[in-house]
Amino acid sequence: MENIINTLAPYALNFAMAIIIFIVGRYVARILTNLFKKFLGKSNVNETLKVFLGNVIYGLLLIVVVLAALNKLGVQTTSFIAILGAIGLAVGLAFQSTLSNISAGVMIIIFRPINIGDVIEAAGVSGSVEEINLFNTIMKTPDNKVIIVSNSNIIGSNIINYSKKDTRRVDFVFGIGYDDDLKLAKDTLLTIVNEDPRILKDPAAFVAVKELADSSVNFVVRVWVKSPDYWGVHFDTIEKVKLTFDKKGISIPYPQMDIHTHKVD
């Protein structure tokens, strides 16, 4: 019995030390993870990203603690590290597309090219952003359809963010007939845009003759508005121009072709 005790005593001590290393190490890992989350919270990092990175950090620290405890027991951890590396490589290859979406999601959340509520056009679709998670971005179209796009497709394409700036420019093209009063039409267009309180005075509205087309003289009208007012000004201005032109006898020609016939004996 004495020989058995003398033989097992070092192992019992190592086992006890391994347990202490595991318990203390896990406690320290939690403290470090919480400190990391607090640091991310002060940096205004998205809550989803904060939770995800916190779990990753805690998992990596816990692996280090387990390896340290096993090493105290006399287990060769070199083989375990090699096995973990092989498993990590296999998982990375198997979930390559998923990891690509996660990395793209992290980039979107950190660099914030888009935010919740923004109206964007990306990956061949457009709509307002309702949710950004680690795997995909969820958008809603104006007709209330839900579009789910992979984050890798968002990052891998050109992103047009219509809500990033406070103001937007609304462009119009209006045509009048060649027989109509050019000066009257220009003054009418200026009056219409200047009377709309939603249209900004600075930059000032721009109205000019764009081209002498086949069937019409085309005016270009450019005005600046606050981003939320874009579509309201767009539709209302088109309607008001048509009604005002009708009252003042200014025609809006449609494409037409004059055909001249010659009688041949």
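Definitions and cut-offs
- Think of each chain on its own: its residues are numbered from 1, step by step along the sequence as written.
- The predicted nature of this model means local features are confined to residues of pLDDT at least 70 and side-chain atom pairs, given and counted, to a pLDDT of 80 or more, with totals for whole chains, interfaces and linings taken over all residues.
- Each side-chain value is worked out from all heavy atoms of the structure, with water and hydrogens disregarded.
- Pairing between strands is defined by DSSP: at least two bridges between them are needed.
- Helix and strand assignments follow DSSP, with helices taken as H or I runs no shorter than four residues and strands as E runs no shorter than two, numbered in order from the N terminus.
- Here the aromatic set is Phe, Tyr and Trp, taking the six-membered ring for Trp, and pairing holds for ring centres within 6.5 Å; pairs whose planes are under 30 degrees apart are stacked, those over 60 apart are edge-to-face, and all others are tilted.
- Think of it in three bands: with a 1.4 Å probe and only protein chains considered, a residue is buried below 20% of the maximum accessible area for its type, exposed above 50%, and partly exposed in between.
- Either the NZ atom of lysine or the CZ atom of arginine qualifies as a charge over a ring when it sits within 6 Å of the ring centre and within 35 degrees of the ring normal.
- Buried residues of nine kinds, namely Ala, Val, Leu, Ile, Met, Phe, Trp, Tyr and Cys, make up a nonpolar core once their side-chain atoms join them within 4.5 Å.
- Whether two residues are in contact is decided by their heavy atoms: any pair within 4.5 Å suffices.
- We count a salt bridge whenever a side-chain nitrogen from Lys or Arg sits within 4 Å of a carboxyl oxygen from Asp or Glu.

1. Observations concerning the pairing of strand 7 (residues 206-212)
- Sheet topology places strand 7 next to strand 8 (residues 217-226); 6 bridges connect them, and they run antiparallel. If you follow glutamate 211 over to strand 8, its bridge partner there is asparagine 218.
- The hairpin turn running from strand 7 into strand 8, its antiparallel successor, is 4 residues long.

2. So, the packing of aromatic side chains
- Counted by the stated rule, this structure contains 3 aromatic pairs.
- Summarising the aromatic geometry, the rings of phenylalanine 172 and phenylalanine 174 are spaced 5.6 Å apart at their centres and angled 15° between planes, so their arrangement reads as stacked. For the pair phenylalanine 172 and phenylalanine 174, one class covers both residues: buried.
- Seen from their ring centres, tyrosine 230 and tryptophan 231 are 5.0 Å apart, and the 85° between their planes marks the pair as edge-to-face.
- Members of the aromatic cluster, each reached through a chain of ring pairs, are Tyr230, Trp231 and Phe235.
- Here the basic side chain of arginine 168 rests over the ring of tyrosine 230, its NZ or CZ set 3.8 Å away from the ring centre.

3. Focus on the nonpolar core
- Within the largest apolar cluster, 20 residues are counted, with the highest numbers of intra-cluster contacts made by Ile176, Leu189, Val221 and Val223.
- Those elements giving two or more residues to this core turn out to be strand 6 (167-176), helix 6 (182-195), strand 8 and helix 7 (230-248).
- Here this core gets 5 residues from one element, more than from any other, and that element is strand 8.
- If we skip the residues at most four places from it in the chain, valine 221 touches Val170, Asp171, Phe172, Phe174, Leu189, Val193, Phe206 and Val207.
- Counting 13 residues, the second-largest nonpolar core is a separate cluster that includes Ile108, Ile114, Ile120 and Met139.

4. Considering the pattern of salt bridges
- All chains considered together, the criterion is met by 8 salt bridges.
- The residue lysine 140 makes a salt bridge to glutamate 130 at a minimum N-O spacing of 3.9 Å. A residue pair is termed long-range when its members are at least 10 positions apart, and lysine 140 in strand 3 (residues 136-140) and glutamate 130 in strand 2 (residues 125-132) qualify at 10 residues.
- For glutamate 130, a relative accessible area of 40% translates into the label partly exposed.
- Aspartate 143 is the partner of lysine 145 in a salt bridge, and the nearest nitrogen-oxygen pair spans 3.7 Å.

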